[in-house]
Amino acid sequence: MKNFTYRSLEEKENLEDILRERKRRINRQQLISATILIIIIGLVALYYMRKAYYTEFDGFVHTDLNLVRTPMDIYVDSVFVKTGDIVFPGDTLYSYYSIDGLLRLTSFSNDEPGIISRHRDYNIKLNSARQNAAVLQTTINELRRQISEVDQNISFGLADISQKASLQRQLAENEAKLRAQRAEISVLTNAINDTRPSQRDYDKKDSLRHSLVFDDIRSNYMKNELNYNIASDSSIIVNVLAPRHMVFFEEEEILSCQHLRLQANNLQIWGYIPVDKMDRVNNKTKAEVIVNDDVSFRAHMGILGIRTQVIPENLRSYFSKQNVAVMAIFHVNDGQRIPFWTVASGLPVKIRVKNFDIWGVDEDPNDYLWFTTGDGLTPGSLKYHFEKQDLKYVDKDTI
């Protein structure tokens, strides 16, 4: 006999509510799971579609700096610019005296006592030694800064260990020179004290005539010896290495600047092209250079396969055994408006090219400079290279 259970109408309604709530909860969970699954499938599909549509390469921005060097041995009087200043043609960068001119003004008569002449010579040598020591200290500080930058650039593949070793060798040499210079300063200081005259029989006018040129740099007869270095082009000052009243030797760097027209500084985008992806680019390749999510600009292939280079460790794929890539240079298209900082030298970027640009080319997709062993570049390939750069093609027989 079956057990009989009596449920009131209220209990039946409660049970139906529970069942409906459970069903809604199950439907909600199924909807959420389906939504998540659709999103995952969509992202995976988008990823593979993007891989099929685009190919991305790692790269970096390359620009050169203009280094303003001394034309001769000079004594810097004043510096009129600082880092970040924008200068235009005709603006004064710094003023200076020629060391040869200063030495010419220190020629004195031969009738003065020998001890006075030696005392003055020691003073000149001491002043020069102090200036040299200051220059060496500035050079040491700059080398230490460059070593620090090289350590950072090594991680991006913009420098190698040999460059760091060269800088460290220069640093050790300059530190040794600085120690020797300080020892010379100590010797000259003692010599000056030993040759100091006990009394001077020269009047005020005569003593002015025999004063050190560095001590009388602002006198009226020195005005004609003052020279000025003038900016020759529009540029932005990147670094100033010349403090006032400092001796700089010939070809030594005074300051560095960068053209406001970056094309004059060889603005280029260097890209790492893996060998197994060389079929994705050719001499007609157009690219999008991606700086970040907000900034990108257009470029086109300039030179393909200028050399090979080891891919930086942080850019290598864990699934690839190839650590060497072919380097390619992309030229930035004209007429684009982008922030100045996005073309700073060494800035890492992504280079994106469209795969269908290769597939849609009517001519041979491998549109390279073709080379015949024992003969050289093929005439058709060389002619195309000249025409692309708007240059007049020279017949192969005349090359």
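Use the structure listed above.
Trainee: Please give an account of helix H4 (residues 161-194) that cites residues and values.
Mentor: For H4, which comprises 34 residues, the first-to-last C-alpha distance of 50 Å matches the rise-based estimate of 50 Å (1.5 Å per residue) to within 8%. Looking only at H4, the buried set comprises Leu 167, Leu 171, Asn 174, Leu 178, Gln 181, Ile 185, Leu 188, Ala 191 and Ile 192.

Trainee: I'd love a proper account of the side chain of Gln 268, names of residues and values included.
Mentor: When you line up the elements, Gln 268 lands in strand E10 (residues 268-274). At a separation of 3.0 Å, a polar atom in the side chain of Gln 268 contacts the side chain of Trp 270. Contacts of Gln 268, omitting those with residues within four sequence positions, involve Phe 60, Val 61, His 62, Ile 329, Phe 330 and His 331.

Trainee: Which residues make up the packing of aromatic side chains, and what values go with them?
Mentor: For the structure on display, the rule yields three aromatic pairs. On the basis of an interplanar angle of 20° and a centroid distance of 6.2 Å, the ring pair of Phe 60 and Trp 270 is categorised as stacked. Here Phe 60 is found in strand E1 (residues 54-62), whereas its partner Trp 270 is found in strand E10, with 210 residues between them in sequence. Aromatic side chains Tyr 94 and Tyr 96 sit 5.8 Å apart centroid to centroid with 50° between the ring planes, which places their arrangement in the tilted category. Among the aromatic side chains, those forming a connected cluster through ring pairs are Phe 60, Trp 270 and Tyr 272. Positioned over the ring face of Tyr 54 is Arg 352, at 5.0 Å from the centre of the ring.

Trainee: Please give an account of the environment of Ile 269 that cites residues and values.
Mentor: Tracing the sequence through the fold places Ile 269 in strand E10. What makes Ile 269 buried here is its relative accessible area of 0%. Along the chain, Ile 269 and Val 289 lie 20 residues apart, while their C-alpha atoms are 8.2 Å from each other. For Ile 269, the residues in contact, after removing those within four places along its chain, are Phe 60, Val 61, Val 289, Phe 297, Ala 328, Ile 329, Phe 330, Val 332, Val 349 and Ile 351.

Trainee: Please give an account of a negative patch on the surface that cites residues and values.
Mentor: A surface patch of negative charge is lined by Asp 73, Asp 100, Glu 250 and Glu 251. Examined against the element boundaries, Asp 73 turns out to sit in the loop between strand E2 (66-69) and strand E3 (74-79). On the accessibility criterion, Asp 73 (31% relative accessible area) is partly exposed.

Trainee: Residue-level account of the sheet that holds strand E6 (residues 226-230), with values.
Mentor: Backbone hydrogen bonds are what pair the strands of a sheet, in a parallel or an antiparallel way. Judged by pairing direction, the sheet is antiparallel, and its four strands sit side by side in the order E6-E5-E3-E8 without closing on themselves. Both outer strands of the open sheet, E6 and strand E8 (246-248), are each paired with one neighbouring strand and no more. Recorded for the sheet is a direction-independent mean angle of 40° between the axes of neighbouring strands. Note: strand E5 (residues 92-98) against E6, five bridges, orientation antiparallel. Looking at the pairing, Ser 95 lines up with Tyr 228 of E6.

What counts as what
Residues numbered from 1 in each chain as written. Predicted model: local features only at pLDDT ≥ 70, side-chain atom pairs only at ≥ 80, totals over all residues. Heavy atoms only, no water. Helix = DSSP H or I, 4+ residues; strand = E, 2+ residues; numbered from the N terminus. Expected span 1.5 Å × (residues − 1). Buried < 20%, exposed > 50% of the residue type's maximum accessible area, 1.4 Å probe, protein only. Polar contact = N/O pair within 3.5 Å; in protein donor to acceptor, adjacent residues only side chain to side chain. Contact = heavy atoms within 4.5 Å. Phe/Tyr/Trp six-rings, centres within 6.5 Å; stacked < 30°, edge-to-face > 60°. Lys NZ or Arg CZ within 6 Å of the ring centre and 35° of its normal. Patch = residues over 30% accessible without salt bridge, like charges linked within 9 Å, V, L, I, M, F, W, Y side chains within 5 Å. Areas by Shrake-Rupley, 256 points an atom, 1.4 Å probe, with all protein chains shown as cover. Salt bridge = Lys/Arg side-chain N within 4 Å of Asp/Glu carboxyl O. Lys, Arg positive; Asp, Glu negative; His and termini not counted. Charge placed at Lys NZ, Arg CZ, Asp CG, Glu CD. Pairing = 2+ DSSP bridges. Axes fitted to C-alpha atoms, helices over the stretch in contact; angles between N-to-C directions.

By themselves, these are just geometric observations and shouldn't be taken as functional.
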